[in-house]
Amino acid sequence: MTPTYYLLLSALLFTIGAVGVLVRRNAIVVFMCIELMLNAVNLTLVTFARINGTLDGQVMAFFVMVVAAAEVVVGLAIITSIFRTRRTASVDDANLLKY
Amino acid sequence: MNAVIPTELPDVAAASGAAALAWLLIALPALGALVLFLAGRRADAWGHWLGVGTVAAAFVVGLVIVFDTVGLDPEQRTREQSLYDWISVAGLNVDFGLRLDPLSLTFVLLITGVGSLIHLYSVGYMSHDPGRRRFFAQLNLFVAAMLVLVLGNNFVMLYLGWEGVGLASYLLIGWYQDRPSAATAAKKAFLMNRVGDVGLALAIFILWTQLGTLGYTEVFERIGEVDGAALVAITVLLLLGACGKSGQFPLQSWLPDAMEGPTPVSALIHAATMVTAGVYLVARCSPIYNLTGTGRLVVALVGVITLMIGAIIGCAYDDIKKVLAYSTVSQIGYMILAVGLGPAGYALGILHLLTHGFFKAGLFLGAGSVMHAMNDTVDMRHYGGLRRLMPITFVTFGLGYLALIGFPFLSGYFSKDAIIEAAFAQPGWQGWTFGGLATLAAGLTAFYMTRLMLMTFFGERRWERLQSEDGHDYHPHESPTVMTAPMIVLAVGSVFAGFALTQGELLAHWLAPSLGELQEAEGGALPHAVIPFLVVAVSALGALVAYLTVGRHPTPVQRPEPVSLPVRAARRDLYANAINETLIARPGTWLTRALVYVDNRGVDGAVNGAAALLGGSSGRLRRLQTGFVRSYALSMLGGSVLVVAALLMVRFT
């Protein structure tokens, strides 16, 4: 079991997440893709913690999870309220804040 | 003339006894002005008498101090009184101090004496003017400032008084401020005086940098330390100041316009006192002028040029006050010529100044009396035959006229002839030029004054068939006593002042502590015994020509047009205003227009251009804010990729 595979998997997941954020319009999907990117990063942190034999990476991964949980709460609340007012969850339709 | 003439400076003592009251001289009229300015309408009933009273009281104080001074030895007659520290910064210490010496006391008597008479006259002359109280406030302000000018013991106080009289003159010329011509004349006087004042200020600055002190005593003691070029610069710049205040060439053209003011103002400020401040300045600075022949020559040249200009233009005007104004310009030219001759002339200049103070003030008051009777008309072509209707005015005016043209044994004869003699005594070309032109101007003076007399008091009563500009008939009448009394006093002065002041060289000896002993003019172009006869003969010729050309023909009511070239030139002030307009005013206008253009297009253009550039470019830039979250996400990704790439490049290269 080489750590490289974990890193490759993590890179793959991150890329899928990033591409998802850029190309999908549905806010929920975009949101899930962001979660995917966060978890890819978590995987990287844990992998390096394993390689180096220290706990720093794992501790950091916990922080990320906490922040992600909080973010989900806030984010979903925003998406819900946008949906209630505009009857859509498309990020391209929520474009009032511009020049 | 000798280039350098040694000056004996008097010892300066502290003022004591009666002289310690000298501060009252300035304080009294200043207090009068303050009360009259601040009291408002409440003072309307008695304000003019307060104005007369303060000046008369100052005259009494002046007399007391003069009698006190006469009781002293000539060496002890120069006294100073330091009132308080006025300016004290770093090396510059200026006292608010008074210098009481024969020169300043002479001026004090002239200013307060003639001033009291003219204040008294103004009570009658201004009786119909609703602003009479304010008028007296301004007259008192003038007297106070003029006394500061002559009594100060340093150049800064001189400058203070100089500006003070300038202010009072400006206010009073513009007295009839609803007339555009008066407002313009006031501005013109103020601006042309500024030119001279800049010269005076520069002269004071140079004195300060050279000597580090501005008190008369110290400056005159150490003036020998100043090198030649700076000395000439000081004398010429002082003269520029004198030219501005005294209406001398090339700054003469404001003085005739100043006649827009009320006539008592013309008599007091623009004939008897303020305009002679330039003569006072040169005489006061005689220790400086003694050191440079060039400086004195410039002074004398300016005097000669001006006395000719004034005499020539005086012959062409029909406005009685303007003729008298140009006569003043011309007579001050004589004084400036006299003080430009050095020790042979200082006292003569002051002598002519005093006699001129009497007869010219009297002439102006007489002209005012005539105007008062003639609905304020100044055009002499409307006058004629007034001698029977205004006998007192006629006699006093006539005596002033005879004194001015140098009728034998009246005031002007003693003072003007002495100046012409001293001018003829100059060596070489100067004697012939100065003396000859001064004699010629004496003839012209006789011509224009005789013309004025004939047109006003003799001949046909042209006013009987005319109306004044405001559409009223003329009803000439003699003026009230309050106006004729000062005229009588001044006429007596015009007759006897010259004789009294020259008896045993009275004035010259009295002034010796301030100006040095009067040096008898010797030698020169003509024998001295001949000159008085020559001058009287030329004057008589002038008067005769005036009689033949004006007195024997009826005077046309309309100005004859067209006239010969010299008359046209004289009617247009020898083109002085045109020259000023062309050389100074027009280029000044162009310059300001060019500067406005540079300001609008250059400076404002740069500022506005920068603002427009920023506004425009930010307008373009904000288009990047599309509102699409995914494009922001893409730019964040791109930025992150760039940062990572940069880190990796640093790491692996």
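Residues numbered from 1 in each chain as written. Chains lettered and ligands numbered in written order. Predicted model: local features only at pLDDT ≥ 70, side-chain atom pairs only at ≥ 80, totals over all residues. Heavy atoms only, no water.

1. Thoughts on the overall build of chain A
Thinking step 1. Counting its regular elements, chain A contains three helices and zero strands.
Thinking step 2. When the helices and strands of chain A are listed from N to C terminus, the series reads α-α-α.
Thinking step 3. At 17 Å, chain A has a C-alpha radius of gyration far larger than the 13 Å of a compact globule built from 99 residues.
Thinking step 4. Principal-axis analysis of the C-alpha atoms gives chain A an extent of 50 × 25 × 25 Å.
Thinking step 5. Here chain A has roughly 6,800 Å² of accessible surface; of this, 73% comes from carbon and sulfur atoms.
Thinking step 6. Taking the 7 positively charged and 5 negatively charged side chains of chain A as two groups, their mean positions are separated by 10 Å. (Helix = DSSP H or I, 4+ residues; strand = E, 2+ residues; numbered from the N terminus. Rg over C-alpha atoms; globule rule 2.2 N^0.38 Å. Areas by Shrake-Rupley, 256 points an atom, 1.4 Å probe, with all protein chains shown as cover. Lys, Arg positive; Asp, Glu negative; His and termini not counted. Charge placed at Lys NZ, Arg CZ, Asp CG, Glu CD.)

2. Considering the overall build of chain B
Thinking step 1. What chain B contains, in helices and strands, is 24 helices and three strands.
Thinking step 2. Here the C-alpha coordinates of chain B stretch approximately 115 × 65 × 60 Å along the principal axes.
Thinking step 3. When burial is assessed residue by residue, chain B has 55% of its 653 residues classed as buried.
Thinking step 4. Counted over contacts in chain B with a minimum sequence separation of 6, partners at least 24 positions apart contribute 80%.
Thinking step 5. When the accessible surface of chain B is summed, it comes to about 26,800 Å², and 67% of that surface belongs to carbon and sulfur atoms.
Thinking step 6. The average position of the 40 basic charges and that of the 41 acidic charges among the side chains of chain B differ by 15 Å. (Buried < 20%, exposed > 50% of the residue type's maximum accessible area, 1.4 Å probe, protein only. Contact = heavy atoms within 4.5 Å.)

3. Describing the confidence of the model for chain B
Thinking step 1. Looking at chain B as a whole, the pLDDT averages 89, with 99% of positions reaching at least 70.
Thinking step 2. Here the complex is predicted with pTM 0.80, and the ipTM for its interfaces comes to 0.87. (pLDDT = per-residue confidence, 0-100.)

4. Brief notes about the packing of helix H18 (residues 428-457) of chain B against helix H21 (residues 530-551) of chain B
All names here are of chain B.
Thinking step 1. Where H18 contacts H21, the two axes come as close as 7 Å, and the packing angle between them is 35°. The handedness of the crossing between H18 and H21 is right-handed. Residues Thr439, Ala442, Gly443, Ala446, Phe447, Thr450, Arg451, Leu454 and Met455 of H18 touch H21, and the partners they reach there are Leu534, Val535, Val538, Ser539, Gly542, Ala543, Val545, Ala546, Tyr547, Thr549, Val550 and Gly551.
Thinking step 2. For the contact of H18 with H21, the residue count by class is 13 nonpolar, seven polar and one charged. (Axes fitted to C-alpha atoms, helices over the stretch in contact; angles between N-to-C directions. Left-handed = near helix turned anticlockwise from the far one by under 90°. Nonpolar A, V, L, I, M, F, W, Y, C, P; charged D, E, K, R; others polar.)

5. Concerning the pairing of strand S3 (residues 92-100) of chain B
All names here are of chain B.
Thinking step 1. Across nine bridges, strand S2 (residues 79-89) lies against S3 in antiparallel orientation. Pairing of Val89 across the sheet is with Leu92, part of S3.
Thinking step 2. Between S2 and S3, which follow one another and run antiparallel, lie two residues, and Ala90 among them has a positive phi close to 45°. (Pairing = 2+ DSSP bridges.)

6. Description of the state of the cysteines
One way to say it: the disulfide is the covalent bond shared by the sulfur atoms of two cysteines.
Thinking step 1. In the structure shown here, the tally under the stated rule is zero disulfides over all chains.
Thinking step 2. In this model B:Cys285 remains outside any disulfide bridge; the closest cysteine sulfur is found in B:Cys243, 14 Å from its own. (Disulfide = S-S within 2.5 Å.)

7. Focus on the interface of chain B and chain A
Thinking step 1. Every contact between the two is made by 11 residues of chain B and, on the other side, 12 residues of chain A.
Thinking step 2. Both faces considered, chain B and chain A share a buried interface measuring about 1,100 Å² in area, 61% of it formed by carbon and sulfur atoms.
Thinking step 3. Here chain B is connected to chain A by one salt bridge.
Thinking step 4. With its nearest N and O atoms 2.6 Å apart, the salt bridge here joins B:Arg630 to A:Asp92. (Buried area = accessible area lost by both parts, 1.4 Å probe. Salt bridge = Lys/Arg side-chain N within 4 Å of Asp/Glu carboxyl O.)

8. Some words on the pattern of salt bridges
Residue and element names in this part refer to chain B.
Thinking step 1. With the rule as written, the count across this model stands at 19 salt bridges over all chains.
Thinking step 2. Salt-bridge contacts for Arg99 lead to Glu80; the nearest nitrogen and oxygen are separated by 2.9 Å. Linking Arg99 in strand S3 with Glu80 in strand S2, this pair joins segments that are 19 residues apart in sequence.
Thinking step 3. Owing to a relative accessible area of 16%, Glu80 belongs among the buried residues under this scheme.
Thinking step 4. Here Arg222 and Glu225 are joined by a salt bridge, their closest N and O atoms 3.2 Å apart.
Thinking step 5. Using a relative accessible area of 29% as the deciding quantity, one classes Arg222 as partly exposed.
Thinking step 6. Residue classification places Glu225 among the exposed positions, given a relative accessible area of 53%.
Thinking step 7. The network of salt bridges with common partners includes Glu80, Arg99, Asp101 and Arg284.

9. Quick look at a nonpolar patch on the surface
Thinking step 1. Together, B:Leu31, B:Leu34, B:Val35, B:Phe37, B:Leu38 and B:Trp46 give the surface a local cluster of nonpolar side chains, amounting to about 590 Å² of exposed area.
Thinking step 2. Take B:Leu31: it is sitting in helix H1 (residues 22-39). (Patch = residues over 30% accessible without salt bridge, like charges linked within 9 Å, V, L, I, M, F, W, Y side chains within 5 Å.)

10. Considerations on the nonpolar core
Thinking step 1. In terms of nonpolar packing, the biggest core is built from 192 residues, with B:Val150, B:Phe155 and B:Leu337 touching the most fellow members.
Thinking step 2. No other element matches the 16 residues that helix H15 (residues 346-373) of chain B contributes to this core.
Thinking step 3. Setting aside residues up to four positions removed in sequence, B:Phe155 forms contacts with B:Ile204, B:Leu207, B:Leu214, B:Tyr216, B:Val219, B:Phe220, B:Cys285 and B:Ile288.
Thinking step 4. Grouped together as the second largest cluster of nonpolar side chains are seven residues, A:Ala18, A:Val21, A:Val29 and A:Cys33 included. (Core = buried A, V, L, I, M, F, W, Y, C linked by side-chain atoms within 4.5 Å.)

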